[in-house]
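Overview (structure and organization)
Residue strings, one per chain:
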Amino acid sequence: MLGDFRFDDEKLGFTFIKKTHAMTNPRRHFHPWWELLYIESGERTFFYGNKTVQARAGTFLLVAPGVLHRAINPEGETCSLYNIFFSDEGGNNFYQHRQLEEIHSIFPKLEPFIQFDEEKIPLVNSYFEKLAEEISSKKKNYEILARSILTEIVVLVSRASQTENFKQTNISISDHFSEILTWVNSHYEEELTLSLVAKKFNITPSHLSRSFKAYTQFTFVEYINNLRIAQSCKMLHNTRVSVLEIALKCGFGSVTQYGRWFKKLVGKSPVKYRNGK
């Protein structure tokens, strides 16, 4: 039985991680790739998109590219989990690319949270253990079999998504704040201030500020700018629109302001990100 590990192998086309004592992620973040997270045991609290939920053993969280998320461990929460990170770039050979493309095609059809029934959890755990053993052994053609096992896991998840319902527990966001988040998520490209949004929803700016921090672990400004940067990453990746035009389309007042936030959240300039440097 393997302990903590990280397998990041070009032959696989994905990164596979095991954490036996997962800790709070200090950063609220997004990334341009798909992420599949599975809780093997214990509990963990997640902020994802516009929801804060508590998940338990047997829960899958499917994180889409560009969606803000963070894992939080309140006092007393511990968990063991598996992480799989995918890239939309595809594999480095035809067969690898074909296998990963088939897996990727399933993701947009799934709910972000999927909970397996207790009697099915041992089966799902065994698939992850089998995947870890195959990758760690590196026997002949291990990468092909590993992607096949991963395909089986994703198919199990897709079937469960049709029959299992994820039950939110004890950290559900109020309907009013959920409405605010939904509106902000659709209007982030506009000029938004704490006072303007608070007035629109008939609450005080201080109450809105506290709600953002309590429910999302972001300040209001951090949340808005993370949304804008996430959208700009998609535009940098998928279009040839100028950096200035992207900055303005995503709601930044200037390219300087955009560049400063982009470097803070992504770690490099928009130009370097677009050029893959």
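These remarks concern the structure in this document.

Scoring rules and cut-offs
Residues numbered from 1 in each chain as written. Predicted model: local features only at pLDDT ≥ 70, side-chain atom pairs only at ≥ 80, totals over all residues. Heavy atoms only, no water. Axes fitted to C-alpha atoms, helices over the stretch in contact; angles between N-to-C directions. Helix = DSSP H or I, 4+ residues; strand = E, 2+ residues; numbered from the N terminus. Parallel < 35°, antiparallel > 145°, perpendicular 65-115°, else oblique. Contact = heavy atoms within 4.5 Å. Nonpolar A, V, L, I, M, F, W, Y, C, P; charged D, E, K, R; others polar. Phe/Tyr/Trp six-rings, centres within 6.5 Å; stacked < 30°, edge-to-face > 60°. Lys NZ or Arg CZ within 6 Å of the ring centre and 35° of its normal. Buried < 20%, exposed > 50% of the residue type's maximum accessible area, 1.4 Å probe, protein only. Salt bridge = Lys/Arg side-chain N within 4 Å of Asp/Glu carboxyl O. Lys, Arg positive; Asp, Glu negative; His and termini not counted. Patch = residues over 30% accessible without salt bridge, like charges linked within 9 Å, V, L, I, M, F, W, Y side chains within 5 Å. Areas by Shrake-Rupley, 256 points an atom, 1.4 Å probe, with all protein chains shown as cover. Expected span 1.5 Å × (residues − 1). Arc of directions from axis to C-beta.

As a packed pair, helix 4 (residues 175-187) and helix 6 (residues 205-216) sit with axes 11 Å apart at the nearest point and diverge in direction by 90 degrees. As judged from the angle between their axes, helix 4 and helix 6 are roughly perpendicular. Contacts between helix 4 and helix 6 involve Phe177, Ile180, Leu181 and Val184 on the former and, on the latter, Leu208, Ser211, Phe212, Tyr215 and Thr216. Here the residues of the contact of helix 4 with helix 6 are counted per class, giving 7 nonpolar, 2 polar and no charged.

Under the criterion given, the structure shown has 23 aromatic pairs. Note on Phe252 and Tyr258: the rings are 5.3 Å apart at their centroids and 50 degrees apart in plane angle, and the pair reads as tilted. Over the aromatic face of Phe201 sits the side chain of Lys200, whose NZ or CZ is 5.8 Å from the ring centroid.

The next point concerns unusual backbone geometry. Look at Lys138: it is not a glycine, yet its phi comes out positive at around 50 degrees. Relative to the helices and strands, Lys138 resides in the loop between helix 2 (121-137) and helix 3 (142-163). Phi at Asn202 takes a positive value of approximately 55 degrees, unusual for a residue other than glycine. The class of Asn202 is exposed, set by a relative accessible area of 72%.

In this section: the pattern of salt bridges. Should their charged atoms come close, side chains of opposite charge can pair. Taken as a whole, this structure holds 4 salt bridges when the rule is applied. Between Arg98 and Glu102 there is a salt bridge; the shortest N-O distance is 3.9 Å. Of this pair, Arg98 and Glu102 both sit in helix 1 (residues 94-106), 4 residues apart, roughly one helical turn. For Arg98, a relative accessible area of 42% puts it in the partly exposed group. Relative accessible area serves as the criterion here: at 44%, Glu102 is assigned to the partly exposed category.

Assignment of secondary structure puts Glu143 in helix 3. The charged side chain of Glu143 is buried without a salt bridge, its nearest counter-charge being Lys11 at 5.0 Å. Sequence-distant contacts of Glu143, defined by excluding residues within four places in its chain, comprise Lys11 and Leu12.

As a further point, take a nonpolar patch on the surface. On the surface, a cluster of nonpolar side chains totalling about 250 Å² of accessible area is made up of Leu244, Leu248 and Val255. Position of Val255 relative to the elements: it lies in helix 9 (residues 255-266).

The subject of this paragraph is helix 6. An ideal rise of 1.5 Å per residue puts 16 Å on 12 residues; helix 6 measures up with 16 Å between its terminal C-alpha atoms. Those residues of helix 6 not exposed but buried are Leu208, Ser211, Phe212 and Thr216. On an axial view of helix 6, the arc spanned by its buried residues comes to 100 degrees, and they lie on one face. Exposed and oriented more than 90 degrees from the buried face of helix 6 are Arg210 and Ala214. Where helix 6 is buried, its residues meet strand 3 (35-48), helix 4, helix 5 (194-200) and helix 7 (220-238). Two residues or fewer past helix 6, Gln217 is found with a positive phi of approximately 65 degrees.

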